[in-house]
Amino acid sequence: MRLASYILSRLLQMIPVLIGITIFAFLFIQLLPGDPIQTMLGGKASPEAIEAAHQKFGLDQPLPIQYLLFLRNALQGDLGTSITQRTLVSGLIAERFVPSIFLLIYAMIIAMLLALPLSLIAARRSDRLVDHTIRISGMITISMPAFWLGLLLILLFGLTLDLFPISGWGDDFLGHIHSLFLPAVVIGLATAPVLIQSLRSSLLDTMQMDFIEAARAKGLNPNRIMIRHVLRNALIPMVTVLAVNVGWLIGGSVVVENVFSIPGIGRLLVQAVLTRDYPTIQALTLVFGILVLIVNLITDLTYAVVDPRVTYQ
Amino acid sequence: MQSSTHPSPLLSIQNFTTEFRSSGGKIVANKNVSLSIDHRRILGIVGESGSGKSVLCRSILRLIPSPPAYVTEGEITFNGRNLLALSESEMQAIRGVEIGMIFQDPMTSLNPVWRIGDQITETLRVHKGMGRREAREVGIDLLRQVGIPSPDTRFDEYPHRLSGGMRQRVVIAMAMACKPKLLLADEPTTALDVTIQDQILALMLQLQEEVGMSIILVSHDMGVVAETSDTIAVMYAGQVVETAPTEAIFNRPKHPYTLGLLQSIPRIEFKVDRLVPMKGQPPNLLKLPKGCPFAERCAFASPDCIETPVALREVEPGHFSACLYPERLA
Ligand SMILES: Nc1ncnc2c1ncn2[C@@H]1O[C@H](COP(=O)(O)OP(=O)(O)O)[C@@H](O)[C@H]1O
Ligand code: SF4
Ligand SMILES: [Mg+2]
């Protein structure tokens, strides 16, 4: 099918970028001053351990060979061993990955639930009081630092009212929903104003289109026109806005995961940086890069599905 | 104005005046417009760009938001009801059901993310409560009626897959779905290639015969309205300056502006798009002159034309002109 071959060609296009990301992650360790193994293993490593590591990473080999070895290991799922945790980095990331993705999707859903009705209201009554109120509230929430808002919510809903846990991510699905509510709200509140602003202007642009006047000439009621005709068109450019924001969110969630002590990759990253756990940092660089690639791929595929004018080539 | 088997006209516009208010002043886009159209007739409205034709059409369906537009005078009576006095929801029951509208640019008047079949059957489903399956059958019939090949597969296609002419056929099918009594066609062929223009006009005439509806056909091209209309109204600077049966407009124009338009019709042997536009510019709608709006460009003008207010007068039975000196054209 056309869509299937489109997906295949997009996957093939990703290969050079993927290679670029692995080279970057590989060189990251090489560029560290001093002997990378010494650095990786820390100052107190025994000479035997250092020797063994040299062998394992093939450090006696020329750089391109070393890269290929690194690539082979990575493809086999071997991303090295964490210095501080003394376990395989791949396992560490795998177990931290789920809470982060859960939080990300949760926060996006909250952001969209806020943005959809508010931007519809803002566009319907543009330049009226409600519109200005929504815009100003957005400016306020977006200018609140995530850690500050997080602490505020912890104090109010976590400690004073005791409605939500203040750390961890719960044991089952409902537990996750409950525990991650406050952090998801923090990220959602930071994201929603951006979504509202772009959806509002996209809605207003669409409302000016000829086919909307044609819809009115068909005697449809304003709500139907707004939802079925205006919104459906205005949502298409939102795919890009969402995608750009996911990249930003992955960065932003690092702070939130730490404030709320969520066992996700953001928290893992901060821990790794603080303890100079280089193999973990290297692996996370790789993972973040691939994550952004995947988001881009999903974005393109979403366009192909939601916009009939997109031709797959 | 015209004899007809029906006692009263389908639509009659009386003394209709609309202005756009802004910080820059008020633009009088329609001034004291009076027109009427009988059942099963075609009324052609012709005039230069900016003469208020679209404002008039959109005002009939009350599509222009207020602000910025304000109707300061007049009545629009359709089938015995004053449209200007109806509530918004009463208007919704008329739009698309009793009065359909076709727009100028078929490339932009269809929703790009809706299948064309769903767009043309939307009024049937919303206003007539038709189910999906029945609406599909009727929709495919409509596509066939407007001359779209293999209508049952075209039904599920998106607009961008169709050419401009095909899209305008879809727009026509969409406006015709509920079999309206009146079709407003605002420059339906202006955006199309010349060869396609004739096909679309022929299609509209054929549908008008079949369905027995009336059409208001707007154009800036005297040639287009001449070929199709029973009656012609000539607009200038927001006003109707002359209206009469087509034959009378052609053979005995009673307004110098109409004469100018007639002289600018391309001869068939030349096949030119538009010809010799008249010298000069229409007046600024922000400050219309007190007297005849055409005075500045008129070859027949005398000094009092600038000062004396003009209004449509019946100069012959069924033939109305807003010129103070229609006899000067004889
Ligand atoms: N939304 C609007 N706001 C202000 N003025 C308008 C608007 N729409 C139309 N007009 C004015 O009304 C006049 C008539 O416009 P229109 O009816 O579109 O002309 P036509 O269709 O004959 O070319 C234009 O000159 C324009 O200045
Ligand atoms: S009233 Fe005077 S200026 Fe106006 S059209 Fe007639 S002759 Fe010309
Ligand atoms: Mg127009």
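Thresholds applied
Residues numbered from 1 in each chain as written. Chains lettered and ligands numbered in written order. Predicted model: local features only at pLDDT ≥ 70, side-chain atom pairs only at ≥ 80, totals over all residues. Heavy atoms only, no water. Helix = DSSP H or I, 4+ residues; strand = E, 2+ residues; numbered from the N terminus. Rg over C-alpha atoms; globule rule 2.2 N^0.38 Å. Buried < 20%, exposed > 50% of the residue type's maximum accessible area, 1.4 Å probe, protein only. Lys, Arg positive; Asp, Glu negative; His and termini not counted. Charge placed at Lys NZ, Arg CZ, Asp CG, Glu CD. Contact = heavy atoms within 4.5 Å. Areas by Shrake-Rupley, 256 points an atom, 1.4 Å probe, with all protein chains shown as cover. Pairing = 2+ DSSP bridges. Right-handed = clockwise from strand over helix to strand, strands pointing away. Patch = residues over 30% accessible without salt bridge, like charges linked within 9 Å, V, L, I, M, F, W, Y side chains within 5 Å. Salt bridge = Lys/Arg side-chain N within 4 Å of Asp/Glu carboxyl O. Domains from an automatic or database assignment. Buried area = accessible area lost by both parts, 1.4 Å probe. Polar contact = N/O pair within 3.5 Å; in protein donor to acceptor, adjacent residues only side chain to side chain. Expected span 1.5 Å × (residues − 1). Arc of directions from axis to C-beta. Axes fitted to C-alpha atoms, helices over the stretch in contact; angles between N-to-C directions.

Peer 1: Account for the overall build of chain B, naming residues and giving values.
Peer 2: Summing up its helical and strand segments, chain B has 10 helices and 12 strands in all. Over its C-alpha atoms chain B spans a radius of gyration of 20 Å, differing by no more than 12% from the 20 Å that the globule rule assigns to 330 residues. Residues counted as buried form 52% of the 330 residues belonging to chain B. The averaged location of the 36 negative side-chain charges in chain B is 3 Å from the averaged location of its 34 positive side-chain charges.

Peer 1: Before we move on, could you go through the overall build of chain A and cite the residues and values that matter?
Peer 2: Helices and strands together make up the secondary structure of chain A, namely 14 helices and 0 strands. If you line up chain A on its principal axes, its C-alpha atoms span 80 × 55 × 35 Å. Out of the 313 residues belonging to chain A, those deemed buried represent 42%. Of the contacts made within chain A by residues no fewer than 6 positions apart, 72% connect residues no fewer than 24 positions apart. In the structure as shown, chain A presents an accessible area of about 16300 Å², 69% of it carried by carbon and sulfur atoms. For chain A, the centre of its 20 positive side-chain charges and the centre of its 18 negative side-chain charges are spaced 12 Å apart.

Peer 1: Tell me about the pairing of strand E8 (residues 214-219) of chain B, and please be specific about residues and values.
Peer 2: Residues and elements named next belong to chain B. For E8, the tally of buried residues reaches 6 of 6 residues, placing the bulk of the element in the interior. Burial of E8 is two-sided: the residues Ser 214, Ile 216 and Val 218 facing one way and the residues Ile 215, Leu 217 and Ser 219 facing the other way are all buried. Pairing of strand E3 (residues 42-46) with E8 involves 5 bridges; the strand directions are parallel. Pairing of Leu 43 across the sheet is with Ile 216, part of E8. Sheet analysis places strand E7 (residues 182-186) next to E8, joined by 5 bridges and oriented parallel. Looking at E8, one finds that Ala 185 is bridged to Leu 217. Between the parallel pair E7 and E8, the chain is carried across by helix H7 (residues 194-211), and the sense of this crossover is right-handed.

Peer 1: Tell me about a nonpolar patch on the surface, and please be specific about residues and values.
Peer 2: Residue and element names in this part refer to chain A. On the surface, Leu 8, Leu 12, Ile 15, Ile 19, Ile 23, Leu 27, Leu 31 and Leu 63 cluster together into a nonpolar patch covering about 730 Å² of accessible area. Of the residues forming the nonpolar patch, the biggest block, 6 residues, is contributed by helix H1 (residues 2-30). Here Leu 27 lies in helix H1. By relative accessible area, Leu 27 is classed as partly exposed at 30%.

Peer 1: An account of the domain arrangement of chain A is requested, with residue identities and associated values reported.
Peer 2: Residues and elements named next belong to chain A. Looking at the assigned domains, one finds that chain A contains domain 1 (2-75) and domain 2 (89-306). Taking the mean C-alpha position of each, domain 1 and domain 2 sit 33 Å from one another. Taken together, the contact pairs 20 residues of domain 1 with 14 residues of domain 2. Roughly 1500 Å² is buried in total at the junction of domain 1 and domain 2, and carbon and sulfur atoms are behind 83% of that figure. At the boundary of domain 1 with domain 2, the tally comes to 1 salt bridge. Here Arg 10 makes a salt bridge to Asp 300, at a shortest N to O gap of 2.5 Å. Linking domain 1 with domain 2 are 2 residue pairs in polar contact (both at pLDDT 80 or more). Listing elements by their share of the side of domain 1 that touches domain 2, those giving two or more residues are H1, helix H2 (36-41) and helix H4 (63-75).

Peer 1: Lay out helix H4 (residues 132-145) of chain B with the relevant residues and their values.
Peer 2: All names here are of chain B. Here H4 spans 20 Å end to end across 14 residues, near enough to the 20 Å set by a 1.5 Å rise per residue. Turning to H4, its buried residues are Ala 135, Gly 139, Ile 140, Leu 142 and Leu 143. End-on, the buried residues of H4 take up no more than an arc of 160°, which puts them together on one face. With respect to the buried face of H4, the exposed residues turned more than 90 degrees away are Arg 133 and Glu 137. The inward-facing, buried residues of H4 abut helix H3 (116-127), helix H5 (151-154) and helix H6 (164-176).

Peer 1: Give a description of the sheet that holds strand E12 (residues 319-321) of chain B that names residues and reports values.
Peer 2: Residues and elements named next belong to chain B. Taken together, 8 strands build an open sheet; the order of strands is E6-E7-E8-E3-E9-E10-E12-E11 and the sheet is mixed. Where the open sheet ends on each side, the last strands, each with one partner, are strand E6 (99-102) and strand E11 (313-316). Neighbour to neighbour, the strand axes of the sheet diverge by 20° on average, direction disregarded. Against the sheet, H7 engages E3, E6, E7 and E8, with an angle of about 160° to E8.

Peer 1: Report on the sheet that holds strand E1 (residues 11-22) of chain B, specifying residues and quantitative values.
Peer 2: All names here are of chain B. As summarised here, the arrangement of the 4 strands in space is E2-E1-E4-E5, forming an open sheet in which the pairing is antiparallel. In this open sheet, the two edge strands, each paired with only one partner strand, are strand E2 (25-37) and strand E5 (81-82). Across 2 bridges, the pairing between strand E4 (residues 69-78) and E5 is antiparallel. Across the sheet, the residue bridging to Phe 78 is Arg 81, located in E5. Helix H1 (residues 53-60) contacts E1, E2 and E4 of the sheet and is inclined by roughly 110° relative to E1.

Peer 1: Go over the interface of chain B and chain A with me, naming the residues and quoting the values.
Peer 2: On the side of chain A, 19 residues touch chain B, which itself brings 26 residues to the contact. Together chain B and chain A conceal approximately 2100 Å² of surface at their shared face, both sides included; 57% is due to carbon and sulfur atoms. Looking only at chain B, the three residues that lose the most surface to chain A are Val 113, Trp 114 and Glu 122 of chain B, adding up to 25% of its buried area. The interface formed by chain B and chain A includes 3 salt bridges. Glu 122 of chain B is paired through a salt bridge with Arg 224 of chain A; the nearest N and O atoms lie 2.8 Å apart. The interface formed by chain B and chain A contains 14 residue pairs in polar contact (both at pLDDT 80 or more). Contributing elements (two or more residues each) for the side of chain B that touches chain A: E6 and H3 of chain B. The biggest single contributor to the side of chain B that touches chain A is H3 of chain B, with 5 residues.

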